[in-house]
Amino acid sequence: MSPASRSLSGVFTPPGDKSISHRVGLFSLLAGGSCRVENYSPCADCQSTLGAVTALGGRLERRGQALVLTGAQGRLNPRAEVDCGNSGTTFRLLMGLLAGRPGEYRLDGDESLRRRPMERVAAPLRLMGAGVETTEGRPPVTIRGAALRGIDYDLPVASAQLKSSLLLAGLQAVGPTTLREPAPSRDHSERLLVSCGAALTRGGGWVRVEPSSLTLPATLRVPGDASSAAFFLCAAAITPGSRVAAEGVLLNPTRVGFLTVLERMGARLTVNQQGTEPEEWGRVEAQYSLELTATAIAAEEVPLLVDEVPILALVATQAQGVTVFHGVEELRIKETDRLAAITSQLGAMGARLWTEGDRLLVQGPTPLTVPERLESFGDHRIAMTLRLALGLAGGDCPISDEGCAAISYPGFATDLWKLSA
Ligand code: S3P
């Protein structure tokens, strides 16, 4: 902390949840019916999904603030090139969705997406009978859709993108597809597929789908993005004099692992659930918490907070003791190597953090200082974490490509400005 820390106070409303927005957009390609979606995420990644929907022959229309999706019922253009931009979720979910459609599809993305591994999705899709060609394991990827057969498969990693991709393929296959996860990951696909009428069952650690036809729910209001809300809630917990409230936030337990960790560290939080449709949502308030203590985050908890590790690492720089994040190797293959990015950039601000094998360790509390410049590596979550770290340090310096925050949170700078006023 620094005497010049800029406190945060007030109420903010995060944009619509990115994961749910992607799913309703993409599922409309397989489903029938039509859905009026309110609060669809305005973020760049979810616009990539809408671009993919239209490139594949899906139909969407803006009506005022809402988005109306008309189900394509699987009748897609037989050939298409799809630019997924920076969005790994668009890319991986489409791989499974297209694997069962008759046609030939080429999926590509920006420079960062072109570095991300796709074999983990391609390999089980080939087992199901799809033609999938990657470029040395990465995008661009060509999918030749085929008649698929269901599989019984142990996912090698707890990845919701992988799980969702295989569920979408499984819906189009002959016979059931059963997936087992090493630990629970976000379950938006399972929930939305059930509301679309899919034959989906699940129990502890497994999920099964059978070939099903889907019908979109008539309306869906997307709750606020939990991962976007996390930035200001976490920053408020460590910035003296702060008190912020996030309205309308998604509270699905597979997404709010960061709240459990903040509470364990001694943060002053108030969570009020206000609704359950289409998933749990409500209001979360966080206040500056003088005495935070370090904690251990178990590997099984990581999928429940995987996108919040950078901002939680910033919180840990202000907590007493060594916080250990176990099993965070997945962070190396996100939009950038997030472990390298946060250790180098928070390190440049005077924080003490390092990696040991698949663990990230943060020693606190340390006052943060302002360097000459910081590097986001074009990663939205790194850019936002560093901007909040500068607020805590009470200073300013350029952050490279800071506008990349719009990949998930286009209103980040405006909300920061409002909460800092
Ligand atoms: C997502 C799953 C996570 C997460 C990503 C969104 C999703 O990725 O990091 O931001 O919407 O399914 P993994 O499945 O690779 O963990």
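Here's a quick rundown of the structure. (Residues numbered from 1 in each chain as written. Predicted model: local features only at pLDDT ≥ 70, side-chain atom pairs only at ≥ 80, totals over all residues. Heavy atoms only, no water.)

1. Points about the packing of helix α9 (residues 309-316) against helix α10 (residues 338-348)
In a packed pair of helices, the relevant descriptors are the angle between the two axes and the axis-to-axis distance.
Item 1. Where α9 contacts α10, the axes come no closer than 10 Å and their chain directions differ by 30°. By the angle class used here, α9 and α10 are roughly parallel. α9 and α10 meet at a crossing whose hand is right-handed. Counted together, Pro310, Ala313 and Leu314 of α9 and Arg338, Ile342 and Leu346 of α10 form the full contact between these two elements.
Item 2. Of the residues assigned to the contact of α9 with α10, the class counts are 5 nonpolar, no polar and 1 charged. (Axes fitted to C-alpha atoms, helices over the stretch in contact; angles between N-to-C directions. Helix = DSSP H or I, 4+ residues; strand = E, 2+ residues; numbered from the N terminus. Parallel < 35°, antiparallel > 145°, perpendicular 65-115°, else oblique. Left-handed = near helix turned anticlockwise from the far one by under 90°. Contact = heavy atoms within 4.5 Å. Nonpolar A, V, L, I, M, F, W, Y, C, P; charged D, E, K, R; others polar.)

2. Topic: the packing of helix α1 (residues 18-27) against helix α6 (residues 188-195)
Item 1. Orientation of α1 relative to α6, taken along the N-to-C sense of each, is 40°, at an axis distance of 10 Å. In terms of axis orientation, α1 runs oblique to α6. Note that α1 runs across α6; the crossing there is right-handed. Along its contact with α1, which presents Ser19, Ile20, Arg23, Val24 and Phe27, the element α6 presents His188, Ser189, Leu192 and Leu193.
Item 2. Tallied by class, residues from the contact of α1 with α6 come to 5 nonpolar, 3 polar and 1 charged.

3. Overview of the site of the ligand
Item 1. What surrounds the ligand is the set Ser19, Arg23, Thr89, Arg92, Ser159, Ala160, Gln161, Arg186, Val306, Asp307 and Lys334.
Item 2. Interatomic distance of 2.7 Å between a side-chain N/O atom of Ser159 and an oxygen atom of the ligand.
Item 3. Between the ligand and Ala160 there is a distance of 3.0 Å, counted from an oxygen atom to a backbone nitrogen or oxygen.
Item 4. Notes on the ligand: free accessible area 390 Å², of which the protein chains cover 94%.
Item 5. Assessed atom by atom at 2 Å from the grid points, the ligand resides in the largest pocket.
Item 6. When residues of the shell around the ligand are traced back to their parent elements, those giving at least two are α1, α3 (88-99) and α5 (160-170). (Near = heavy atom within 4 Å. Polar contact = N/O pair within 3.5 Å; in protein donor to acceptor, adjacent residues only side chain to side chain. Areas by Shrake-Rupley, 256 points an atom, 1.4 Å probe, with all protein chains shown as cover. 1 Å grid on protein atoms, 1.4 Å probe; cavity = no way out; pocket = protein on both sides within 12 Å on 5 of 7 lines; lining within 4 Å. Sits in = over half its atoms within 2 Å of the grid points.)

4. Digging into the layout of surface pockets
With a probe scaled to a water molecule rolled over the atoms, the places where space remains empty come into view.
Item 1. In this structure, the largest pocket encloses a volume near 650 Å³.
Item 2. Taken together, 39 residues make up the lining of the largest pocket; nearest its centre are Ala158, Ser159, Val306, Glu330 and Lys334.
Item 3. Elements with a contribution of two residues or more to the lining of the largest pocket: α1, α3 and α5.
Item 4. At 4 residues, α1 tops the list of elements feeding residues into the lining of the largest pocket.
Item 5. Of the residues that constitute the lining of the largest pocket, the class distribution is 11 nonpolar, 11 polar and 17 charged.
Item 6. In terms of lining residues, the second largest pocket is bounded by Pro15, Asn39, Tyr40, Ser41, Pro42, Gln47, Arg62, Gly64, Gln65, Ala66 and Leu67.
Item 7. Broken down by class, the residue content of the lining of the second largest pocket amounts to 5 nonpolar, 5 polar and 1 charged. (Points joined across faces, edges and corners; volume = space filled by probe spheres on them.)

Geometric values such as these leave the question of function open.
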